[in-house]
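Secondary and tertiary structure notes
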Amino acid sequence: MDEKDAALKKAIATYEVSVRIKPDEVQSYIMLSTCNHYAGNTDKSENYILKAIKLSPNDAKANLTAGQIFMQKQEFETALPYMQKAVELEPSNTKSIRNLAQIYYDMGQLEKSIQTYEVAIDKETDREVKADLYFNLGILYNKVGNLEEAEYNFTNALDENPDDVEAVMGMAQVFENAEKWRKAEKFYRELIAIDPDNPDHYRGMSRVLLQQGEPDESLRYLEKAKRLGG
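So, here's what we can say about the structure. (Residues numbered from 1 in each chain as written. Predicted model: local features only at pLDDT ≥ 70, side-chain atom pairs only at ≥ 80, totals over all residues. Heavy atoms only, no water.)

1. What about the overall build of the protein?
Selection criterion: Helix and strand definitions here come from DSSP, where helices need a minimum of 4 consecutive H or I residues and strands a minimum of 2 consecutive E residues; each element is numbered from the N-terminal end. As a reference, a globule follows 2.2 Å times the number of residues to the power 0.38, and the radius of gyration itself is taken over C-alpha atoms. Burial status follows relative accessibility: with a 1.4 Å probe on protein chains alone, a residue under 20% of its type maximum counts as buried, one over 50% as exposed, and anything between as partly exposed. The contact criterion used throughout is that any non-hydrogen atoms of two residues lie within 4.5 Å.
A tally of helices and strands in the protein yields 13 helices and zero strands. Shown N-terminal to C-terminal, the secondary structure of the protein runs as helices and strands in the order α-α-α-α-α-α-α-α-α-α-α-α-α. By the compact-globule yardstick of 17 Å for 230 residues, the protein is too spread out, its C-alpha radius of gyration being 23 Å. Expressed along its principal axes, the backbone C-alpha trace of the protein runs to roughly 75 × 40 × 30 Å. Scored against the burial criterion, the 230 residues of the protein give a buried share of 41%. Excluding contacts between residues fewer than 6 apart, the proportion of contacts in the protein whose partners are at least 24 apart in sequence is 42%.

Next comes the structure, spelled out in C-alpha cells:
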C-alpha cells in the first residue's frame, strides 16, 4: 500500500504540473480525476472530471470517467447522463454500454438494463466479458420472472466460460425456482463437485431432494451444510 500511495502522489504531482503548463489539456484533468479517486480524494476527483467535461463536453473518455466516478459514489441519477453521453459518442465501446446497463439496474430500471446488456453482448468479442454479460442478463431475467430467458442466458454464459461457477449457481437457482427439481439437482451436484466446502450448495441440494420425496438424503445434505457452518 505504501508503494501504491507513493506512486499515486507522484502521478498527481506530475499531472498537476501538466495542467499548470497546459491548462486546456483534457487528458490531464481526466488522469488527475482518476488518480485522486484512487487516492480517496473524492471532492478533488469530482472537480477535475467536471473541469475536463467543461473543456470538452464531447470527449467520450471524460464522460465515461465521470459516469464511473458518480456510480462509485452511488449517485446513479448524476452518473446516468454522463454514461448515456459516453455511449452516444462511442456506440461500439462495450465498457460504456456495460456501465450504462449497470446504472439502469441500480436505478431499478430492469427492462432498460436488459435491453442495454443485450446491446453490449452483440458488440462484445472477449469471451470472458461476454460470459459475464450473459450471467448478468440471466440474473435480470430471473428477477423479472422470465425463467426461460434466464436459463438461456446462463447456458450461454457457461458456453462462453465453462468454469463460471456463478453461472452454474444461476442455473441451479433458475431450475429450483421453476420447480424442475431433477435439473436443479444436477447443477447443485456440479456445484458441490466444484466447491465442496460451500454450505449453500448442500442446502440447495437438500431442498431439491426434499421436493423429490427423498427426506433421508435431504437430511444428510442439510447436516453436511451445518457441519460446514451454513
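2. Concerning the side chain of S33
Mapped onto the elements of the fold, S33 is located in helix 2 (residues 26-38). Classification of S33 by relative accessible area gives buried; the value is 0%. Ignoring sequence-local partners within four residues, the contact set of S33 consists of S45, Y48, I49, T65 and I69.

3. Some points on the environment of K4
Mapped onto the fold, K4 is located in helix 1 (residues 2-21). When the C-alpha positions of K4 and A39 are compared, they lie 9.1 Å apart, and in sequence the two are 35 residues distant.

4. Regarding helix 10 (residues 165-177)
Cut-off, in case you're wondering: In a helix, the anticipated span is given by 1.5 Å times the number of residues less one. What qualifies as a polar contact is a pair of N or O atoms within 3.5 Å, subject to a donor-acceptor requirement within protein and to the restriction that residues adjacent in sequence count only when both atoms come from side chains.
Given a rise of 1.5 Å per residue, 13 residues ought to cover 18 Å, and the 18 Å separating the end C-alpha atoms of helix 10 matches this to within 8%. Of all the positions in helix 10, only A167, V168, M169, G170, M171, A172, V174, F175 and E176 are classed as buried. Contact partners of the buried residues in helix 10: helix 8 (127-143), helix 9 (147-160), helix 11 (181-194) and helix 12 (199-211). A distance of 3.2 Å separates the backbone nitrogen of E166 from a side-chain oxygen at the start of helix 10, and that oxygen is part of D164. One or two residues past the end of helix 10 sits E179, with phi positive at roughly 60°.

5. A few points about the environment of G204
Inspection of the secondary structure puts G204 in helix 12. On the basis of relative accessible area, G204 is assigned to the buried category, the value being 0%. With 160 residues separating them along the chain, G204 and K44 place their C-alpha atoms 47 Å apart.

6. Quick word on a negative patch on the surface
To be explicit about the condition: Each patch is built from salt-bridge-free residues with over 30% relative accessible area, joining like charges within 9 Å and nonpolar side chains (Val, Leu, Ile, Met, Phe, Trp, Tyr) within 5 Å. Every accessible area reported is derived by Shrake-Rupley at a probe size of 1.4 Å, with residue values counting cover from the shown protein chains alone. For salt bridges, the criterion is a side-chain nitrogen of Lys or Arg within 4 Å of an Asp or Glu carboxyl oxygen. His residues and chain termini do not enter the charge count, which takes Lys and Arg as positive and Asp and Glu as negative. In this description, the location of a charge corresponds to atom NZ of lysine, CZ of arginine, CG of aspartate or CD of glutamate.
On the surface, a cluster of negative charge is contributed by D126, E128, D132, D163 and E166. Residue placement: D132 occurs in helix 8.

7. Digging into unusual backbone geometry
Located in the positive-phi region is Q74, a residue other than glycine, with phi close to 65°. Assignment of secondary structure puts Q74 in the loop between helix 4 (60-72) and helix 5 (76-89). Even without being a glycine, E179 presents a positive backbone phi close to 60°. Tracing the backbone through its elements, the reader meets E179 in the loop between helix 10 and helix 11. When its relative accessible area of 57% is taken as the criterion, E179 is described as exposed.

8. A few points about the packing of helix 12 against helix 13 (residues 215-227)
We count it as follows: Orientation is described by axes fitted as lines to C-alpha atoms, over the contacting stretch for helices, and by angles from 0 to 180 degrees between their N-to-C directions. Roughly parallel means an angle under 35 degrees; roughly antiparallel means over 145; roughly perpendicular covers 65 to 115; every other angle is labelled oblique. Helix crossings fall into two classes, left-handed where the near helix is turned counterclockwise from the far one by less than a right angle and right-handed where it is turned clockwise. Basically, the charged four are Asp, Glu, Lys and Arg, the nonpolar ten are Ala, Val, Leu, Ile, Met, Phe, Trp, Tyr, Cys and Pro, and anything else, Gly included, counts as polar.
At a closest axis distance of 8 Å, the pairing of helix 12 and helix 13 adopts a crossing angle of 165°. The angle between helix 12 and helix 13 places the two elements in the roughly antiparallel class. When you trace helix 12 past helix 13, the crossing you get is left-handed. Listed contacts from helix 13 to P199, Y202, R203, M205, S206, L209 and L210 of helix 12 are P215, E217, S218, Y221, L222, K224, A225 and K226. The class makeup of the residues in the contact of helix 12 with helix 13 is nine nonpolar, two polar and four charged.

9. Some thoughts on the layout of surface pockets
Applicable threshold: The distinction between a cavity and a pocket rests on a 1 Å grid over the protein atoms alone: a 1.4 Å probe fits inside a cavity but cannot get out, while a pocket stays open yet meets protein on both sides within 12 Å along at least five of seven lines, and a residue with an atom within 4 Å of a point counts as lining. Grid points are joined across faces, edges and corners, and a volume is the space filled by probe spheres set on the points.
Put simply, the largest pocket is a space of about 200 Å³. Counting residues per element, the lining of the largest pocket draws most heavily on helix 4, at six residues. Per-class residue counts for the lining of the largest pocket are four nonpolar, five polar and one charged.

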